[in-house]
4 protein chains.
Amino acid sequence: MILPISADLIAEHNHAHAAALDEDYAALGRKLARVGIDIEAVKDRVAGFSVAVPSWGAGRGGTRFAKFPIPGEPTNIHEKLEDCAVINQLSRVTPRVSPHFPWDKVSDYGALREEAASLGLGFDAVNSNTFQDQPGQAHSYSTGSLSSTVAATRQQAVEHNIECIEIGRQLGSTDLTVWVGDGTNFPGQQDFARSLDRYLEAAAQVYAALPDDWRMLLEHKMFEPAFYSTVISDWGSSILAAQELGPKAKCLVDLGHHAPNVNIEQIVARLHRFGKLGGFHFNDSKYGDDDLDSGSINPHQLFLVFNELAEAEANPRDGFRPSYMIDQSHNVTDPIESMLSSAEAIAQCYAKANLVDRAALHAAQEANDTMMAFQALRRAYTLDVSPILAKARVEAGGAYDVLAVYRDSRYRDRKAQERRAVGLGAGIV
Amino acid sequence: MILPISADLIAEHNHAHAAALDEDYAALGRKLARVGIDIEAVKDRVAGFSVAVPSWGAGRGGTRFAKFPIPGEPTNIHEKLEDCAVINQLSRVTPRVSPHFPWDKVSDYGALREEAASLGLGFDAVNSNTFQDQPGQAHSYSTGSLSSTVAATRQQAVEHNIECIEIGRQLGSTDLTVWVGDGTNFPGQQDFARSLDRYLEAAAQVYAALPDDWRMLLEHKMFEPAFYSTVISDWGSSILAAQELGPKAKCLVDLGHHAPNVNIEQIVARLHRFGKLGGFHFNDSKYGDDDLDSGSINPHQLFLVFNELAEAEANPRDGFRPSYMIDQSHNVTDPIESMLSSAEAIAQCYAKANLVDRAALHAAQEANDTMMAFQALRRAYTLDVSPILAKARVEAGGAYDVLAVYRDSRYRDRKAQERRAVGLGAGIV
Amino acid sequence: MILPISADLIAEHNHAHAAALDEDYAALGRKLARVGIDIEAVKDRVAGFSVAVPSWGAGRGGTRFAKFPIPGEPTNIHEKLEDCAVINQLSRVTPRVSPHFPWDKVSDYGALREEAASLGLGFDAVNSNTFQDQPGQAHSYSTGSLSSTVAATRQQAVEHNIECIEIGRQLGSTDLTVWVGDGTNFPGQQDFARSLDRYLEAAAQVYAALPDDWRMLLEHKMFEPAFYSTVISDWGSSILAAQELGPKAKCLVDLGHHAPNVNIEQIVARLHRFGKLGGFHFNDSKYGDDDLDSGSINPHQLFLVFNELAEAEANPRDGFRPSYMIDQSHNVTDPIESMLSSAEAIAQCYAKANLVDRAALHAAQEANDTMMAFQALRRAYTLDVSPILAKARVEAGGAYDVLAVYRDSRYRDRKAQERRAVGLGAGIV
Amino acid sequence: MILPISADLIAEHNHAHAAALDEDYAALGRKLARVGIDIEAVKDRVAGFSVAVPSWGAGRGGTRFAKFPIPGEPTNIHEKLEDCAVINQLSRVTPRVSPHFPWDKVSDYGALREEAASLGLGFDAVNSNTFQDQPGQAHSYSTGSLSSTVAATRQQAVEHNIECIEIGRQLGSTDLTVWVGDGTNFPGQQDFARSLDRYLEAAAQVYAALPDDWRMLLEHKMFEPAFYSTVISDWGSSILAAQELGPKAKCLVDLGHHAPNVNIEQIVARLHRFGKLGGFHFNDSKYGDDDLDSGSINPHQLFLVFNELAEAEANPRDGFRPSYMIDQSHNVTDPIESMLSSAEAIAQCYAKANLVDRAALHAAQEANDTMMAFQALRRAYTLDVSPILAKARVEAGGAYDVLAVYRDSRYRDRKAQERRAVGLGAGIV
């Protein structure tokens with residue numbers, strides 16, 4: 001394995017901070033010990049946590065108005081894998097990449113899998129794309145895809161998804177994530193019920209092609225690209241569709257795909273309660289599907305989501321096997337830096353959720369002692385768990401200060417020399 | 001039957017407008033005839049439409065800050081029935097009253113049913129109340145009701161609901177509407193999954209007490225009185241609960257109980273698609289559960305809801321038997337006037353939905369002719385259907401101009417003399 | 001003047017509907033006469049109403065995910081003008097085009113003005129573009145434009161706006177509309193106050209270059225392309241900026257640029273009350289800046305906006321001279337059809353607002369007769385004013401049924417033969 | 001001064017935790033010292049911070065549906081002061097009480113001021129009440145107050161506000177907070193502009209009665225109790241009103257009075273930028289004006305607000321003198337516990353905002369280094385500042401663990417014995 005960042009650079013940085021880390025870790029350890037928590041056990045759990053990154057997240061994002069590229073952006077799956085390797089090398093928490101087709105198409109997927117392995121990476125859920133037309137495509141998705149009234153278009157979308165499963169098998173994936181942009185911009189444009197009928201019939205064909213150990217993750221979204229209605233718009237539509245498809249169909253929660261004010265952590269609990277929680281696309285948002293960096297806007301909400309996940313793990317009912325992925329649009333930052341920062345924010349919430357005194361929480365809930373139930377969560381949220389994360393990261397070979405090492409490595413500058421420039425691209429309005 | 005408003009007064013008013021009505025009705029008839037629609041057939045459908053009014057809606061509503069009573073407000077079910085009789089006498093579209101217990105408790109329900117019948121009224125869905133404590137009540141609902149951690153409280157709530165069914169049988173009702181205020185104000189206050197477990201177990205006991213021809217209508221609400229989470233907060237939770245309870249459990253849609261921006265007409269279509277559409281609480285809102293007058297803020301949304309209902313009626317799948325009720329809080333108007341105006345707004349939307357050229361709509365949808373699909377709805381919405389409603393109303397004995405006759409009757413002034421005054425105080429609605 | 005659609009085709013269509021129109025117009029005239037309104041006077045007012053269309057609206061819109069082009073789309077200002085001429089020829093309500101630079105750059109603006117005039121068109125407000133980078137541009141707008149920390153970028157943005165004024169003078173415009181995408185995606189990315197300081201300083205330089213009879217219209221937007229904060233995000237920021245700039249600076253209201261649930265008609269009234277109402281970008285939306293067709297989602301809100309405008313016109317305080325423009329993104333329809341339909345929806349609301357019995361409304365307001373105040377608006381909204389609009393249109397040479405004539409003209413098919421194809425363009429994510 | 005909680009109990013508790021506190025404080029001190037921050041200086045700043053509590057917040061809140069009282073609730077200003085004394089004694093951060101009239105009326109305000117002083121308390125902003133009718137009141141506020149069309153009602157509201165100023169002078173206050181519930185529930189109910197005209201004219205009379213060193217704090221609110229429009233609904237209306245009234249009029253920001261998704265921290269910055277930031281009502285919310293405990297839902301937003309305040313203090317432009325108050329509705333907790341917890345959450349955010357490396361933040365902003373600007377905030381937010389707060393509190397005589405001492409004191413149980421019970425009933429808050 002040849003990783004992109006110099007191990008010496010990492011070691012040198014870590015060494016400079018070793019005493020500080022030891023001091024902070026020891027102080028937090030003493031504080032936790034006072035309430036009966038073994039910091040080493042927490043660190044071990046944190047060390048076992050991971051979240052996938054999306055291949056497309058390695059490129060700079062944009063809006064319908066504009067995209068502002070940066071020098072050194074990746075333009076193919078090979079360069080994207082290299083960038084993802086940087087993220088995992090420094091953070092040690094993102095060992096899998098989620099590919100997207102046809103964007104990441106290559107001729108030899110066995111070779112791609114080896115290429116990834118050589119960078120310390122594996123593949124996560126495969127993502128299909130039926131929301132854009134590709135050059136030379138037989139049927140346009142302008143009428144939708146799995147729910148289109150045009151039978152040939154639905155068939156094309158089904159076949160593309162099945163092709164994605166086949167590629168995923170070669171890459172070692174076991175999940176297919178299906179997000180469709182199908183919907184309407186006008187009242188009356190399509191019939192709500194018949195659109196869903198068509199979606200379910202087509203999705204069932206995809207489902208039938210799933211290998212036994214695979215799952216089909218249905219991703220709902222309230223709006224965009226459709227602005228009046230969306231076929232799978234909310235968790236209600238998603239879980240009912242998953243129920244109809246069968247036990248391998250699960251629901252995927254993207255944190256930015258909900259109506260304003262909605263209690264997302266409760267949705268997570270509901271999906272788990274009914275056996276259909278499949279996974280997450282982590283990001284943050286203030287207004288809509290803003291695809292901002294995870295935890296940058298409302299880190300407490302992210303913590304509350306992880307609190308539900310910790311609760312679900314402790315009470316698995318029909319099982320607990322969520323798939324975690326970052327899904328962000330990096331419009332104004334270096335995507336590597338954003339994913340390093342986001343992976344840290346996510347892991348912090350995981351750690352804090354594991355520090356909740358769950359027995360005290362349950363006892364307070366049972367006694368209707370609202371203030372103490374709240375304080376059980378608040379005490380964990382207030383903690384600064386950075387030393388635990390840093391310790392786990394450093395012990396696994398990662399960097400104490402992931403951003404500082406990345407900047408010192410001048411990785412992006414080097415890539416800006418090597419890689420071809422990305423053009424402007426924008427202005428659909 | 002002795003109705004509250006003088007039949008002579010109504011006849012006199014109607015006579016004064018008869019020529020105008022005939023002229024407008026004839027003109028609209030010619031316009032519709034040009035596109036092959038028989039206005040008489042539409043009028044007959046409209047004449048068959050009805051919507052229930054809530055007994056509590058006859059009183060002035062308020063907020064947590066204040067209630068401003070008006071002279072002549074009703075203070076018991078007998079006075080409320082009389083007011084509801086005025087509404088139905090003039091509008092001829094609200095022949096049923098939905099009672100609420102314990103607010104409407106009496107000693108003899110057989111007599112109450114006869115009293116209503118003598119006013120031209122029947123009874124609609126029975127509503128239970130487990131969101132307030134009544135004087136002398138054994139267990140407080142401060143910890144919730146059907147989902148409370150306190151077994152005795154859950155039991156009390158179950159028994160109250162079963163009592164409501166028993167009262168409803170005596171009144172001729174066949175639906176029990178269950179809305180609970182259960183929820184939390186703090187993260188961690190209760191466990192989302194266990195709260196729902198308790199709710200489902202208790203609701204199943206109520207369900208078990210339903211007569212064969214009854215339905216249990218589950219009403220979801222996003223927030224208020226609980227402000228962090230609500231046990232049955234959205235249509236997803238509602239339909240999953242209804243699935244678990246059984247075929248007699250259906251979902252009730254209150255137009256004001258959703259997250260901002262949510263596409264309510266699609267929710268209606270989804271509930272029907274999955275066989276769980278039970279009924280409606282009609283009102284309007286701009287910010288939250290504002291309980292404003294139906295159609296006063298967004299009449300187009302109300303039309304789109306009725307368009308889905310017309311579509312569902314034409315394609316009933318697993319059946320179509322929705323229960324319609326007005327549920328508003330009349331904080332700044334005479335409740336009788338608001339319900340007269342609201343019933344008119346609702347019936348207008350029903351009429352317009354029946355005027356949609358559904359064959360043209362479906363053909364445009366099938367052909368992805370978005371503009372013509374939209375225009376099929378827009379053409380119907382643009383019509384002024386007032387003459388159809390007025391004709392149907394007058395033919396049934398109602399008033400051409402419901403508000404004018406009501407005002408001329410000086411009904412409220414007379415009641416202000418007869419009835420005891422309502423005190424100041426925070427609003428209960 | 002050679003207009004794009006055959007006058008004979010229009011005449012033939014109109015002739016086929018002449019009797020129906022006369023009948024409907026006469027019936028509505030009788031109905032209005034009963035309440036003392038002269039339909040001819042209303043028709044004359046409607047005939048005097050107009051709204052501008054944006055040059056860019058003639059092309060198909062899209063999202064960050066995809067754009068689905070249609071055959072025959074315009075690709076330059078000349079083709080866009082031709083399409084706009086179709087809209088105005090049929091609707092007779094859109095005689096002005098609002099250009100956008102650099103998208104509509106040509107070498108000879110005098111010739112462009114003559115070209116437009118030969119199509120029956122003039123030019124409305126000039127729009128600058130500092131939210132995208134153009135090939136060869138010296139300074140990127142990735143850091144913002146008028147508010148950028150980079151002085152050279154601010155200077156470039158100022159100069160571009162001044163150039164737009166100069167072009168506008170040649171085209172006969174008298175308004176400069178300034179919308180900047182400046183804002184942030186992260187807490188802390190920029191300082192809120194210093195960003196506004198820079199914006200105001202740069203905007204003052206643009207303001208200084210305005211001719212005496214020009215206005216600078218500041219367009220606020222809550223979010224997108226910036227997703228955490230926007231420099232001119234709401235009407236509060238907009239009016240304070242306009243106050244600082246001076247009397248020629250006014251505020252422009254885009255109906256889709258507000259927070260959820262906000263009362264836009266009240267904002268319109270506030271801006272007029274404080275002398276800063278400059279104009280409108282009409283569109284509709286359900287979730288965010290959806291740029292859907294005007295009146296397609298919430299036509300009642302559009303009516304309420306026009307009710308405020310009618311009130312403002314009757315009580316002009318510091319003057320009343322609003323600039324009206326359609327600003328929509330036509331992602332799923334033929335843009336010409338959408339603008340024909342939208343212009344009709346806007347003119348309907350204008351007509352209805354003019355039919356409000358304003359004396360009755362004011363009397364009811366003064367008497368706190370809430371129901372009658374509401375009914376004054378409701379009575380006007382309920383009317384079907386289509387015959388008035390159609391009469392005014394036909395008398396001005398337009399089409400009775402604008403969509404039917406447009407489709408019969410096969411204009412788009414002909415253009416699809418003549419014009420070069422637009423490529424796919426999409427997939428920023 | 002005789003404070004309600006035993007000093008011995010506090011001392012005993014603090015002693016038990018003294019070693020832990022010293023250890024945690026020292027560890028944090030070393031961590032901060034590494035980045036050049038002196039923890040003692042931070043602690044001193046924190047020790048100087050305070051926030052007022054509202055007299056009415058000492059009682060249990062409720063909704064329009066219900067209020068669930070608890071034994072030992074205060075029922076008059078004397079009992080409320082005693083409860084507030086508990087909060088301040090333990091937290092040492094809430095030395096002032098904000099009274100509300102007529103709720104807190106007494107015959108001798110000099111005596112009340114002495115009573116408060118004997119409990120270690122002073123008085124903060126005086127709050128007027130023109131949103132409820134009081135028994136025996138001459139004119140109802142059902143038509144609004146300062147904006148009512150009824151001249152006598154406006155006059156009554158003006159006089160009540162002036163009376164509040166007079167009471168406030170006796171109590172030592174220097175701010176009058178004016179919140180009116182005036183607004184409408186129906187389109188057309190009132191004219192937007194004339195309502196504001198009346199409001200401004202009446203408010204000017206109140207303003208004229210302000211002593212020289214007083215301020216008039218205008219509190220805006222989006223909705224509730226009015227559900228279609230509110231006269232002072234947003235910060236735009238608020239600041240324009242404050243501009244018209246004069247330099248002593250400032251704007252008060254209640255965190256729960258905004259449209260969904262709105263960037264409140266930017267509003268804070270805008271108000272300060274234009275010289276009109278007057279103060280805060282702290283609380284938290286998820287859906288509307290939920291009045292939940294400060295920082296319980298979105299503590300990061302509270303931190304970002306304090307970050308703007310720290311920035312404003314460092315760059316005061318036209319001065320910086322904000323008034324801070326908690327304003328919450330304690331529906332499900334012991335109000336004392338909620339205010340203890342909330343005061344801690346607020347002080348934490350104050351401390352974290354003071355730990356932001358502002359030079360690094362500004363440098364990153366200037367350089368458009370978005371990631372490092374964000375990290376400057378994130379580093380401070382991630383810190384666990386509890387030891388700083390606890391140290392400051394203990395040194396001032398407060399409790400290390402405020403909730404634990406409060407519970408051990410059995411204060412509420414004792415009051416439940418002493419005080420008369422509060423009846424059931426709909427909530428007034």
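Residues numbered from 1 in each chain as written. Chains lettered and ligands numbered in written order. Predicted model: local features only at pLDDT ≥ 70, side-chain atom pairs only at ≥ 80, totals over all residues. Heavy atoms only, no water.

Draft legend 1. Spatial organisation of the pairing of strand β10 (residues 249-254) of chain A. Residue and element names in this part refer to chain A. For β10, a buried count of 6 out of 6 residues is recorded, marking the element as mostly surrounded by other parts of the structure. Of the two faces of β10, both are covered, the one formed by Ala249, Cys251 and Val253 as well as the one formed by Lys250, Leu252 and Asp254. Pairing of strand β8 (residues 215-219) with β10, which is carried by 4 bridges, proceeds in the parallel orientation. Bridge pairing in β10 links Leu218 to Cys251. (Buried < 20%, exposed > 50% of the residue type's maximum accessible area, 1.4 Å probe, protein only. Helix = DSSP H or I, 4+ residues; strand = E, 2+ residues; numbered from the N terminus. Pairing = 2+ DSSP bridges.)

Draft legend 2. How the structure looks around the interface of chain B and chain A. Every contact between the two is made by 55 residues of chain B and, on the other side, 55 residues of chain A. Between chain B and chain A, the buried area comes to about 4,800 Å², and carbon and sulfur atoms account for 53% of it. At the surface where chain B touches chain A, the tally comes to 8 salt bridges. Of the charged contacts, one joins Glu244 of chain A and Arg273 of chain B as a salt bridge, the two residues approaching to 4.0 Å between their closest N and O atoms. Where chain B meets chain A, there are 33 residue pairs in polar contact (both at pLDDT 80 or more). (Contact = heavy atoms within 4.5 Å. Buried area = accessible area lost by both parts, 1.4 Å probe. Salt bridge = Lys/Arg side-chain N within 4 Å of Asp/Glu carboxyl O. Polar contact = N/O pair within 3.5 Å; in protein donor to acceptor, adjacent residues only side chain to side chain.)

Draft legend 3. Up close: the side chain of Asp133 of chain A. Secondary-structure assignment places Asp133 of chain A in the loop between β5 (126-128) and α5 (151-171). No salt bridge is formed by the buried Asp133 of chain A. Its closest oppositely charged neighbour is Arg60 of chain C, at 8.7 Å. At a separation of 3.0 Å, a polar atom in the side chain of Asp133 of chain A contacts the side chain of Gln137 of chain A. Separated by 2.6 Å, the side chains of Asp133 of chain A and Ser140 of chain A make a polar contact. (Lys, Arg positive; Asp, Glu negative; His and termini not counted.)

Draft legend 4. Looking closely at the packing of aromatic side chains. The tally for this structure, following the rule as stated, stands at 84 aromatic pairs over all chains. Judged by centre distance (4.4 Å) and plane angle (25°), the rings of Phe49 of chain C and Tyr350 of chain C are stacked. Of this pair, Phe49 of chain C sits in the loop between α2 (39-47) and β1 (53-54) while Tyr350 of chain C sits in helix α10 (residues 335-355), and the two are 301 residues apart along the sequence. Of the residues examined, Tyr350 of chain C reaches a relative accessible area of 11% and is grouped as buried. Members of the aromatic cluster, joined through ring pairs, are Phe49, Phe280, Phe282, Phe306, Tyr324 and Tyr350 of chain A. Stacked on the ring of Tyr381 of chain A, the Lys or Arg Lys352 of chain A has its end atom at 4.5 Å from the ring centre. Directly above the ring of Tyr25 of chain B sits Lys391 of chain B, whose terminal nitrogen or CZ lies 5.3 Å from the centroid. (Phe/Tyr/Trp six-rings, centres within 6.5 Å; stacked < 30°, edge-to-face > 60°. Lys NZ or Arg CZ within 6 Å of the ring centre and 35° of its normal.)

Draft legend 5. Representation of the sheet that holds strand β2 (residues 96-98) of chain D within the structure. Within the open sheet, the 3 strands sit side by side as β1-β2-β4 (chain D). Their pairing is parallel. With partners counted over all chains shown, the strands left at the sheet margins are β1 (53-54) and β4 (122-123) of chain D, one partner each.

Draft legend 6. How the structure looks around the sheet that holds strand β2 (residues 96-98) of chain B. All names here are of chain B. The 3 strands are arranged β1-β2-β4 in an open sheet whose pairing can be described as parallel. Whereas interior strands pair on both sides, the edge strands pair on one side only; in this sheet they are β1 (53-54) and β4 (122-123). Pairing of β1 with β2 involves 2 bridges; the strand directions are parallel. Counted as the bridge partner of Val53 is Val97 from β2.

Draft legend 7. Main features of helix α8 (residues 264-273) of chain C. Residues and elements named next belong to chain C. Counting buried residues along α8, 10 of its 10 residues qualify, which places the element largely inside the surrounding structure. Restricting attention to buried positions, one finds in α8 the residues Ile264, Glu265, Gln266, Ile267, Val268, Ala269, Arg270, Leu271, His272 and Arg273. For α8, the side-chain oxygen to backbone nitrogen distance between the N-cap and Glu265 is 3.3 Å, and the N-cap itself is Asn263. Looking one or two residues beyond α8, the residue adopting positive phi is Gly275, at roughly 75°.

Draft legend 8. Looking closely at the pattern of salt bridges. With the rule as written, the count across this model stands at 148 salt bridges over all chains. Residue Glu344 of chain B is joined to Arg393 of chain B by a salt bridge in which the shortest nitrogen-to-oxygen separation is 2.4 Å. With Glu344 of chain B in helix α10 (residues 335-354) and Arg393 of chain B in helix α13 (residues 386-395), the pair connects residues that are 49 residues apart, well separated along the chain. Judged by relative accessible area, Glu344 of chain B falls into the buried class, the value being 19%. Taking the shortest distance from any N to any O, the salt bridge between Glu82 of chain C and Arg419 of chain C comes out at 3.2 Å. With Glu82 of chain C in helix α3 (residues 77-91) and Arg419 of chain C in the segment after α15 (411-418), the pair connects residues that are 337 residues apart, well separated along the chain. Classification of Arg419 of chain C as buried rests on a relative accessible area of 7%. Connected through shared salt-bridge partners, Glu79, Glu82, Asp83, Asp334, Arg412, Lys415, Glu418 and Arg419 of chain A make up one network.

Draft legend 9. View of the confidence of the model for chain A. Predicted confidence across chain A gives a mean pLDDT of 97, with 99% of residues reaching 70 or more. With a pTM of 0.98, the predicted complex shows an ipTM of 0.97. (pLDDT = per-residue confidence, 0-100.)

Draft legend 10. The relation of the copies chain A and chain D, seen in detail. You can overlay chain A on chain D at an RMSD of 0.0 Å; the transform is a turn of 180° with a shift of 0.0 Å along its axis. Both chain copies can therefore be described as sitting about a two-fold axis. By C-alpha distance to the rotation axis, the residue of chain A lying nearest is Asp384 of chain A, at 2.6 Å. Comparing interface residues between copies, 100% of those in chain A also sit at the interface in chain D, which points to an isologous, same-surface contact. (Least-squares fit on C-alpha atoms with pLDDT ≥ 70 in both.)

Draft legend 11. Quick peek at the interface of chain A and chain D. In this assembly, 40 residues from chain A lie in contact with 40 residues from chain D. Taken as a group, Asn261, Lys286 and Met371 of chain A account for 17% of the area that chain A buries against chain D, more than any other trio of residues on that side. Remark: the boundary between chain A and chain D carries 12 salt bridges. Residue Asp24 of chain D is joined to Arg34 of chain A by a salt bridge in which the shortest nitrogen-to-oxygen separation is 2.7 Å. Across the contact surface, chain A and chain D share 20 residue pairs in polar contact (both at pLDDT 80 or more).

Draft legend 12. Spatial organisation of the relation of the copies chain B and chain A. Least-squares fitting of chain B to chain A yields an RMSD of 0.0 Å, with the superposition described by an axial translation of 0.0 Å and a rotation of 180°. Both copies share a contact surface, since 100% of the interface residues of chain B are interface residues in chain A too.

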